[in-house]
Amino acid sequence: MSSPTSILLIAHAPLAHALRECALHVFPDCGDSVLALDVPPSERPEDSLARARVLLSQSGQDTTLVLTDVFGATPCNVAQRLVEGVRSRVVSGVNLPMLLRAVSYRSEPLDSVVTRAVVGGTQGVMQVAISAPQNQNRRNNAHDQDPYHHQQ
């Protein structure tokens, strides 16, 4: 069995570390698999790339999924340069559902983790109705004739 895929978050500060903390909240055992690099606005891309290379080498895994926040922005550009010639993939547009899905399936082959992450990220984006929370019935009070009328 191959070693799990490591996940490297590269995003505008402080998003990468915040997402990592959320992943650790849900999966306390993922600390060794999920690494984070916050890119501050004042840092040169070359310096961010050097720090990313250090993190990548410290991961100790054969394969890495790099998740970035915005396509075309500095973190994504750093990630693209980072994975040149390395058994890694980059996915842009990271959100928490994407990260949690990637962590859940990190023991699968890299291509599968990528697919699951993208699906998790897209399925996690939805408009939420102004009705009852999921799996709960809406309570109607006797004085609530019109739920959209807020004057008494």
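**Side note on the overall build of the protein chain**
Of the regular secondary structure elements, the protein chain holds 5 helices and 4 strands. For the protein chain, the sequential pattern of α-helices and β-strands runs β-α-β-α-β-α-β-α-α. The burial tally for the protein chain puts 38% of its 152 residues in the buried class. Taking the contacts inside the protein chain whose residues are at least 6 apart along the sequence as the reference set, 64% of them involve residues at least 24 apart. Summed over its atoms, the accessible surface of the protein chain is roughly 9500 Å², and 52% of this surface lies on carbon and sulfur atoms.

**What to know about the sheet that holds strand β3 (residues 64-68)**
What the 4 strands build is an open sheet, ordered β2-β1-β3-β4; its pairing is parallel. Two strands lie at the open edges of the sheet, namely β2 (34-39) and β4 (88-92), each paired on one side alone. With direction set aside, neighbouring strand axes in the sheet form an average angle of 20°. By the bridge criterion, 5 bridges tie β3 to β4 in an arrangement that is parallel. Residue pairing across strands places Leu65 opposite Arg89, the latter belonging to β4. Contacts from helix α3 (residues 74-82) reach β1 (6-12), β2, β3 and β4, with the element oriented near 145° to β1. With respect to the sheet, helix α4 (residues 96-104) is in contact with β1, β2, β3 and β4, its orientation differing from that of β1 by roughly 165°.

**Regarding the pairing of β2**
Of all 6 residues that make up β2, 6 are buried, and the element is covered over most of its length. Residues Val34, Ala36 and Asp38 point to one face of β2 and Leu35, Leu37 and Val39 to the other, with burial holding for every one of them. In this sheet, β2 lies alongside β1 in parallel orientation, the contact comprising 6 bridges. Among the inter-strand pairings, Leu8 is bridged to a residue of β2, identified as Leu35. With helix α1 (residues 15-26) bridging β1 and its parallel neighbour β2, the resulting β-α-β unit is right-handed.

**Some words on the confidence of the model for the protein chain**
In this model, the protein chain carries a mean pLDDT of 89, and residues with pLDDT of at least 70 account for 85%. Of the regions scoring below 50 in pLDDT, residues 146-152 engages in 2 contacts with residues more than four places distant in sequence or in other chains.

**Considering the side chain of Glu43**
By the element assignment, Glu43 lies in the loop between β2 and α2 (45-59). In terms of polar contacts, Glu43 uses its side chain to reach the side chain of Arg51, at 2.9 Å.

**Notes on the nonpolar core**
Nonpolar side chains tend to gather and get buried jointly when the protein is soluble and globular. Formed by 22 residues in total, the largest nonpolar core has its most connected members in Ile7, Leu9, Val34, Leu65, Leu67, Leu99 and Val103. Among residues more than four places away in sequence, those in contact with Val34 are Ile7, Leu9, Arg20, Leu99 and Val103. Grouped together as the second largest cluster of nonpolar side chains are 14 residues, Leu8, Leu35, Val39 and Ala79 included.

**Side note on α4**
Residues of α4 that are buried: Met98, Leu99, Ala102 and Val103. Burial along α4 is one-sided: seen end-on, the buried residues are contained in an arc of 130°. On its buried face, α4 is in contact with β1, α1, β2, β3, β4 and α5 (110-123). Capping the start of α4 is the job of one residue whose side-chain oxygen sits 2.8 Å from the backbone nitrogen of Met98: Asn95.

**Quick notes on the packing of aromatic side chains**
For any pair of aromatic rings, the description consists of the separation of the ring centres together with the inter-plane angle of the planes. Inspection of the entire model under this criterion finds 0 aromatic pairs. If you follow Arg116 out to its NZ or CZ, it ends over the ring of Tyr105, 3.9 Å from the centre.

Cut-offs and rules
Residues numbered from 1 in each chain as written. Predicted model: local features only at pLDDT ≥ 70, side-chain atom pairs only at ≥ 80, totals over all residues. Heavy atoms only, no water. Helix = DSSP H or I, 4+ residues; strand = E, 2+ residues; numbered from the N terminus. Buried < 20%, exposed > 50% of the residue type's maximum accessible area, 1.4 Å probe, protein only. Contact = heavy atoms within 4.5 Å. Areas by Shrake-Rupley, 256 points an atom, 1.4 Å probe, with all protein chains shown as cover. Pairing = 2+ DSSP bridges. Axes fitted to C-alpha atoms, helices over the stretch in contact; angles between N-to-C directions. Right-handed = clockwise from strand over helix to strand, strands pointing away. pLDDT = per-residue confidence, 0-100. Polar contact = N/O pair within 3.5 Å; in protein donor to acceptor, adjacent residues only side chain to side chain. Core = buried A, V, L, I, M, F, W, Y, C linked by side-chain atoms within 4.5 Å. Arc of directions from axis to C-beta. Phe/Tyr/Trp six-rings, centres within 6.5 Å; stacked < 30°, edge-to-face > 60°. Lys NZ or Arg CZ within 6 Å of the ring centre and 35° of its normal.

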